[in-house]
Amino acid sequence: MKTCFEKIWDDHTVLVREDGQTLLYIATHLAHDGSSHAFNFLANKNLPVRRPDLTFATPDHGVSTLSHKLEDIPDLEQRQVVQTLTRNTGKFGITHFGLDDDRQGIAHVVGPEQGITLPGTTLVCGDSHTSTHGALGCIAFGVGASDIYHVLATQTTWQRKPKQMRVTVNGTIGKGVTAKDIILAIIGKVGTNGATGHVIEYAGPAIRALSIEERATVCNMSIEAGARAGMVAPDETTFAYVKGKPFAPTGANWDKAIAYWKTLPSDPGAKFDLEVTLDASELVPMLTWGTSPEDVAPITGRVPDPAKESDPKRRQAIQDQLDYMGLQPGQLLTDVKVDRVFIGSCTNSRIEDLRAAAAIARKGKVKIPSMISPGSTLVKKQAEKEGLDKIFKDAGFEWRESGCSMCVGMNGDLVGPKERCASTSNRNFRGRQGKEARTHLVSPAMAVAAALTGHFADVRDFL
Amino acid sequence: MDKFTVFTAVAAPYEKPNVDTDQLLPARFLRRPRSEGYQTFLFRDLRYNDDNSEKPDFVLNQAPYRNAGIMVADRAFGGGSSREQAVWALTDSGIRSVIASSFGDIFYNNAFKNGFLPVRLDQAVVEDLRAQLLKNPGARITIDLEKQTVLAPDGKTHGFDIGGFHKQSMLLGLDEVGVTLLNDPEISTFETAYKSRRPWMSAPPRPERG
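Described in the following lines is the structure provided in the data block. (Residues numbered from 1 in each chain as written. Chains lettered and ligands numbered in written order. Predicted model: local features only at pLDDT ≥ 70, side-chain atom pairs only at ≥ 80, totals over all residues. Heavy atoms only, no water.)

A word on the nonpolar core
Then comes step 1: With 200 residues, the main nonpolar core has Trp 261 of chain A together with Ile 99 of chain B as its most contacted residues.
Then comes step 2: In contact with Trp 261 of chain A, other than residues within four places in its own chain, are Leu 118, Pro 119, Pro 234, Phe 239, Val 242, Pro 249 and Trp 254 of chain A together with Trp 200 of chain B.
Then comes step 3: Among the nonpolar cores identified, the runner-up in size contains eleven residues, and Val 110, Ile 116, Leu 123 and Phe 247 of chain A belong to it. (Core = buried A, V, L, I, M, F, W, Y, C linked by side-chain atoms within 4.5 Å. Buried < 20%, exposed > 50% of the residue type's maximum accessible area, 1.4 Å probe, protein only. Contact = heavy atoms within 4.5 Å.)

Observations regarding helix α14 (residues 388-395) of chain A
Residues and elements named next belong to chain A.
Then comes step 1: Restricting attention to buried positions, one finds in α14 the residues Leu 388, Asp 389, Ile 391, Phe 392 and Ala 395. Looking down the long axis of α14, one finds its buried residues gathered within 160° of arc, a one-sided arrangement.
Then comes step 2: Residues of α14 that are buried make contact with α12 (351-361), β16 (370-372), α13 (377-385) and β17 (398-399).
Then comes step 3: Looking one or two residues past α14, Gly 396 carries a phi angle of roughly 100°, positive in sign. (Helix = DSSP H or I, 4+ residues; strand = E, 2+ residues; numbered from the N terminus. Arc of directions from axis to C-beta.)

A few points about the pattern of salt bridges
Then comes step 1: Evaluation of the coordinates by the stated rule reveals 40 salt bridges over all chains.
Then comes step 2: Arg 51 of chain A is the salt-bridge partner of Glu 191 of chain B, the closest N and O atoms lying 3.1 Å from each other. Of this pair, Glu 191 of chain B sits in helix α8 (residues 184-197) while Arg 51 of chain A sits in the loop between α2 (36-44) and β4 (55-57), placing the two residues on different chains. By the burial criterion, Glu 191 of chain B is buried, and Arg 51 of chain A matches it. (Salt bridge = Lys/Arg side-chain N within 4 Å of Asp/Glu carboxyl O.)

Some points on the sheet that holds strand β7 (residues 157-159) of chain B
Residues and elements named next belong to chain B.
Then comes step 1: The strand order across the open sheet formed by seven strands is β4-β3-β2-β1-β5-β6-β7, and the pairing between neighbours is mixed. Looking along the sheet, the strands with just one partner apiece sit at the ends: β4 (117-120) and β7. Each neighbouring strand pair of the sheet contributes to a mean axis angle of 25°, computed without reference to strand direction.
Then comes step 2: Here three bridges tie strand β6 (residues 149-151) to β7, and the two strands are oriented antiparallel to one another. Bridge pairing links Leu 151 to Thr 157 in β7.
Then comes step 3: Packed on one face of the sheet, helix α5 (residues 123-135) meets β1 (6-13), β2 (70-72), β3 (97-100), β5 (140-144) and β7 and runs near 80° to β1. (Pairing = 2+ DSSP bridges. Axes fitted to C-alpha atoms, helices over the stretch in contact; angles between N-to-C directions.)

Thoughts on empty space enclosed by the protein
Then comes step 1: Tallying each qualifying case throughout the model produces three cavities of 30 Å³ or more.
Then comes step 2: Quantified by volume, the largest cavity comes out at close to 340 Å³.
Then comes step 3: In terms of residue class, the lining of the largest cavity is built from ten nonpolar, 14 polar and seven charged.
Then comes step 4: Quantified by volume, the second largest cavity comes out at close to 220 Å³.
Then comes step 5: Taken together, the residues that form the lining of the second largest cavity break down as nine nonpolar, eleven polar and four charged. (1 Å grid on protein atoms, 1.4 Å probe; cavity = no way out; pocket = protein on both sides within 12 Å on 5 of 7 lines; lining within 4 Å. Points joined across faces, edges and corners; volume = space filled by probe spheres on them. Nonpolar A, V, L, I, M, F, W, Y, C, P; charged D, E, K, R; others polar.)

So, the interface of chain B and chain A
Then comes step 1: Facing 65 residues of chain B, the contacting portion of chain A comprises 78 residues.
Then comes step 2: Buried surface at the junction of chain B and chain A, both sides included, amounts to about 5,700 Å², of which 55% is carbon and sulfur.
Then comes step 3: The interface formed by chain B and chain A holds 36 residue pairs in polar contact (both at pLDDT 80 or more) in total.
Then comes step 4: For the side of chain B that touches chain A, the secondary structure elements donating two or more residues are α3 (85-92), α4 (105-112), α5, α6 (164-172), α7 (176-181) and α8 of chain B.
Then comes step 5: Examining the composition of the side of chain B that touches chain A, we find that eight residues originate from one element, α8 of chain B, more than from any other. (Buried area = accessible area lost by both parts, 1.4 Å probe. Polar contact = N/O pair within 3.5 Å; in protein donor to acceptor, adjacent residues only side chain to side chain.)

Following this line, the structure appears as structure tokens:
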């Protein structure tokens, strides 16, 4: 009896050392503009890329969202690594979706969109949110530069088999509650190190009911619960999503692939080291109030009051966070004024996210600077085909090009000091979106509700 | 990679939990060349003001801890981004170990590739170590990797767990890619079998093996 994770892990095990370390084969590697250090390490050792056919590349972290012309990347270092990616992929014969290619975008949006990410595989990328791809039913995790170098040189990585955790979400989510609220609630429940050392399998009827794009949002933030990876076992929703994608199997190979993928779900009675259960019907739209993704609260709630905390250490920690975030104890969250809105990132920038955002955006005009960066150039074009860009622009949103943008701020899209941002991204760390930036994580619909009112608002009041 | 055997150094206490990799190394320095070193970026925004002057209250700016080689933190150290640059910023600053009750998984793995030893001890022990360091600023801690022990300032010894693979790599200062290339025949055998059982992974429309 095996879990979905174990089936895929075993299928990619090259060898296991006596000390338990596994040499794991990597079926797919995604490179981006930040992979330059790893390519440099390879060059320093004068080694070739072992399997250039298994790496796919696109620039995302440092690209300008004002224009996709290389010369419009303002920072010289960022511009250079985008050029270096073009050079390295050309040198080794790696598939590359450059700035002039419609297939360019955030690596974690592009992989599934192109059918590069497939069920039953192992996938790595030099980015912690690689866990996103687990939505397709694969083992996907982020690695550092030395491990990328190792994958480029050997197509493998040394890993210790992680423990396994199952998060079962029962029930049905209510109107205005999204996949983002589910994952924020999970992180709030288990904490930022609640899943450390584990891979999470998300299961249960509320997860099964999600689309692949919604599952991507859930799996994306597994890392914020401390997990190495998150995944959803493949099902008919998965197969329907993958079918016909540019790099997905075709013909007889499609039939063989489907037959195999159907064997992947965890066997009944398979053992998990940790089990967590949530009831989706109890969830309401969520947001974070502090500087760690575990600091979540329902929109109907209040800013926590440190005075009510008995543990002195915890009391001080909350006070520190309120000071940084510029919040008053006990303040109603719907009374908190917002300065800026960002809709984008590998968490929430896919077409379904933009449709959900547009459904609220059509009800008013923005009161604060608000921008949207679609997850890929193809997502942008699809949104424009559906007229979503017009809705956003009419409401006063800035409609930008695709990239990691204000989630990590490496391209110059920054939140100013002490500015409060309602963001659909994944991290509310201190300084993440800019020095002294105050980040609150929300769903796309909640971000639009904040944009239209100038403060946090319950999106259910707009439905 | 530098070997790690027995290491004795001044230890700096840092009581805040959730020291994420954005705090260790802000994203704006990620593209700096490796060869120029990352020491000036460590804890950049916690350690320095906008005009590059030091913030006197930050632990590594205080006299007893300027040459710290070890940090004793809290829980969830190194969570967040996969940036290995966070480890480089520590090692380039002469810090070769952090003791904490838990670590971010990717940070933990990245550490060993750079001769940096993350030591997991129980939360109560970590808090006790910090209390000792606060009482005796500049006190030293000795970490013996072979014996898997931490020698505290009060003379007590605490054992820690580490995987055999990581321990061996660190003790010998092994280059991991060099080790793996010795397994090249096994990798090739795997690839042949994988191609036959999962043919769609290397057939059009995916790139064929060149």
